[in-house]
Amino acid sequence: MPEFTVGQVLPELRVKVTRSTVVRYSGASTDFNEIHFSDRHARAIGLPGVVAHGMWTMGAGLKLVTDAVGDPGRVLSYFVRFTRPVVVPDTDDGTEVVYSGKVTEVADGIAKIALTATCGDDAVLGAARAEVSPARRLALSSCSADRFEVASTGRPIDPSPLLRDHTTLRVGGAADRFVVAGSEAELISIVTDCDERGVPVLILGGGSNLLVADAGFPGTVVRVANTGIEADVSACGGAAVRVAAGVDWDDFVAHAVAQEWCGIETLSGIPGSVGATPIQNVGAYGAEVAQTISSVRTWDRRDRAQKTFPVVDCGFGYRTSRFKREPGRYVVLEVSYQFTLGNLSRPIAYSELAGRLGVEVGARVDSRLVREKVLEIRRGKGMVLDPSDHDTWSAGSFFTNPILDADAAGALPDDAPRFPAGGGRVKTSAAWLIQHAGFSRGYGNARAALSGKHVLALTNRGGASAADLVEVAGQVRAGVAERFGVTLVPEVNLIGLELPEASS
Ligand SMILES: Cc1cc2nc3c(=O)[nH]c(=O)nc-3n(C[C@H](O)[C@H](O)[C@H](O)COP(=O)(O)OP(=O)(O)OC[C@H]3O[C@@H](n4cnc5c(N)ncnc54)[C@H](O)[C@@H]3O)c2cc1C
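Residues numbered from 1 in each chain as written. Predicted model: local features only at pLDDT ≥ 70, side-chain atom pairs only at ≥ 80, totals over all residues. Heavy atoms only, no water.

Here's the deal with the site of the ligand
As a structural note, the neighbourhood of the ligand is formed by 34 residues, with I203, G206, S208, S273 and R378 the closest of them. Between S208 and the ligand, the recorded distance is 2.6 Å, taken from a side-chain N or O atom to an oxygen atom. Between the ligand and G283, the relevant distance is 2.8 Å, taken from a nitrogen atom to a main-chain nitrogen or oxygen of the residue. Out of a free accessible area of 970 Å², the ligand has 94% covered by protein chains. Sorting the residues of the shell around the ligand by element identifies β7 (201-204), β13 (283-284) and β17 (330-341) as the ones contributing at least two each. If one sorts the elements of the shell around the ligand by residue count, β17 sits on top with three residues. (Near = heavy atom within 4 Å. Polar contact = N/O pair within 3.5 Å; in protein donor to acceptor, adjacent residues only side chain to side chain. Areas by Shrake-Rupley, 256 points an atom, 1.4 Å probe, with all protein chains shown as cover. Helix = DSSP H or I, 4+ residues; strand = E, 2+ residues; numbered from the N terminus.)

Looking at the UniProt feature "active site" (unreviewed entry) in the protein
In the numbering used here, UniProt assigns the feature "active site" (unreviewed entry) to R319, S397 and E491. These annotated residues cover 173 residues of sequence, but their C-alpha atoms sit close together, with the largest distance between any two at 11.1 Å. One can find R319 in the loop between β16 (305-310) and α7 (322-325). From its side chain, R319 meets the backbone oxygen of G283 in a polar contact 3.0 Å long. Secondary-structure assignment places E491 in the loop between α12 (466-484) and β23 (493-495). On the basis of relative accessibility, which here comes to 8%, the residue E491 falls in the buried class. Filtering out sequence-adjacent residues up to four positions away, E491 remains in contact with N209, Q280, R319, K324, S397, F398, F399 and T400. (UniProt positions renumbered as here; feature names shortened; annotations may be inferred. Buried < 20%, exposed > 50% of the residue type's maximum accessible area, 1.4 Å probe, protein only. Contact = heavy atoms within 4.5 Å.)

Things to note about the environment of T392
Within the secondary structure, T392 is located in the loop between α9 (367-380) and β18 (403-404). Sequence separation between T392 and K453 is 61 residues; the distance between their C-alpha atoms is 9.4 Å. Excluding anything up to four places from it in sequence, T392 contacts T168, G382, V384, L385 and D386. At 2.9 Å, the side chain of T392 and the backbone oxygen of D386 are in polar contact.

A few points about unusual backbone geometry
Of note, D108 is a non-glycine position whose phi angle comes to about 55°, a positive value. Along the chain, D108 turns up in the loop between β3 (95-107) and β4 (110-119). In the Ramachandran plot, R304 falls in the positive-phi region, its phi being about 50° despite a non-glycine side chain. Residue placement: R304 occurs in the loop between β15 (293-300) and β16.

Considerations on the pairing of β4
Of the two faces of β4, the one lined by A111, I113, L115, A117 and C119 is fully buried and the one lined by I110, K112, A114, T116 and T118 carries no buried residue. Note: β3 against β4, nine bridges, orientation antiparallel. Among the inter-strand pairings, V106 is bridged to a residue of β4, identified as A111. As consecutive antiparallel partners, β3 and β4 are separated by two residues, and within that stretch D108 has a phi angle of approximately 55°, a positive value. As judged from the eight bridges shared by β4 and strand β5 (residues 122-132), these two strands associate in the antiparallel manner. Each bridged residue has a counterpart across the sheet, and for K112 the counterpart in β5 is E131. Here β4 folds back onto β5 in antiparallel fashion, the turn holding two residues, of which G120 has a positive phi close to 65°. (Pairing = 2+ DSSP bridges.)

Some thoughts on the nonpolar core
Counting residues in hydrophobic clusters, the biggest one holds 52 residues, and the most contacted among them are W249, F252 and Y337. Ranked by residue count, the leading element in this core is β17, at seven residues. Leave out the neighbours within four places in its chain, and W249 touches I264, L267, I270, G272, S273, V274, T277, V289 and Y337. (Core = buried A, V, L, I, M, F, W, Y, C linked by side-chain atoms within 4.5 Å.)

Structure follows, in structure tokens:
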């Protein structure tokens with residue numbers, strides 16, 4: 001008997017919301033807009049009083065669906081429009097939102113559910129709908145053999161299987177097979193086909209964080225090229241934006257700044273794709289993507305199922321995430337963001353940027369100006385791609401900033417930078433260690449060398465091989481280990497090669 005039938009009504013869900021719920025949600029979401037705790041501010045913009053966050057109203061309703069299916073991982077998509085705010089009186093009982101749902105379509109085991117949400121007489125959500133996958137592991141209905149033929153032969157195969165043509169370090173030999181996946185279904189289909197046949201897979205975005213061996217990749221390289229940005233914007237809920245993994249990251253940042261979606265302006269100029277940004281929790285100038293991501297939708301290659309991770313389950317940390325800790329398991333299909341609205345940036349948290357903007361740390365500035373200044377600073381450091389500038393033929397920072405325990409940090413010279421990193425640990429600067437171990441800008445040889453603008457970037461001066469780059473990286477790592485007893489960890493993903501052991 002099918003789990004869902006068209007017309008089936010899901011059990012009603014009643015959710016109480018009080019002022020205390022709203023305050024706690026402000027803390028969890030970091031959305032501290034005054035309309036969520038001050039009647040005075042709410043009335044000043046024409047609301048009857050304090051209102052619940054739109055995202056809370058949306059999120060609470062999804063429980064109707066997850067209760068019905070038992071597994072949140074089966075929710076494939078969820079969409080709402082905010083029609084009226086949920087006004088929360090300052091009483092012990094607060095108010096109540098009543099959610100109901102009805103199955104509108106079942107096709108290939110995927111059920112579409114229409115939801116309603118009311119508070120008193122008001123419908124507070126409109127056009128709300130969710131899609132859920134079948135109870136068994138997601139049968140690859142969109143990834144059948146027929147579809148794979150389309151994906152593997154119908155789309156143009158990139159003319160060059162040479163990975164040096166697809167990486168910003170411009171090194172790397174040929175892949176056995178190179179395929180461009182122009183849609184999510186193709187991406188899943190190609191990866192699943194390879195997994196079933198035991199063929200190694202390398203997921204490729206913009207190639208800006210990869211150092212690939214001269215021998216190339218003995219398997220299929222799949223370039224993620226799905227596109228699309230969908231936004232749901234409301235004065236109360238801000239901008240909830242879903243972005244396909246293949247969208248160019250900096251194009252998306254420029255779009256967000258133009259739309260006055262606040263939160264990623266300091267991440268301007270970082271090359272690569274949207275889908276790669278959660279992998280290492282991309283960050284720069286005092287911000288990281290974890291601060292604005294609301295969820296990441298993935299294809300789990302191990303369980304052969306789509307899985308959506310809310311931000312709290314992404315395991316984000318400094319240049320890491322659950323996706324990086326289990327390399328290759330998750331293919332990012334789509335990233336969702338929650339932005340506040342307005343033309344002012346997030347508070348500036350990085351002193352160099354604040355100085356260039358002529359403001360104090362903590363100030364908020366026109367986001368367009370922030371983007372401009374960040375791009376200016378990055379260009380000065382060779383951190384914006386420019387084919388004519390060999391200092392940008394890199395993968396960005398080659399090593400991460402080391403996070404040390406208190407003893408190791410205590411053993412560093414007094415003037416070494418130290419930043420608290422939680423749990424009594426200390427973050428220091430990889431660039432400082434490299435410089436003070438005697439490696440200055442330009443260190444290396446005619447083919448591979450540290451950037452002339454920034455010691456943390458290892459660059460191809462033209463004609464470098466992967467082996468040339470590994471040699472210089474190995475020398476730097478060994479020198480730092482010998483001088484400071486710290487083994488630098490590559491931030492760049494090494495494919496088919498390793499750095500020589502550095503003994504401290
Ligand atoms: C000049 C320059 C400046 C940089 N500046 C910064 C910076 O300021 N901050 C920063 O954090 N990084 C920086 N980087 C590093 C890099 O741009 C980022 O890590 C970026 O997110 C990588 O994106 P990409 O699409 O190029 O990923 P790729 O290099 O193609 O892939 C990187 C890794 O992610 C995996 N991957 C890619 N897409 C997906 C997907 N859809 N699903 C699952 N896995 C995937 C790949 O398999 C690989 O392991 C810089 C790089 C350069 C060249």
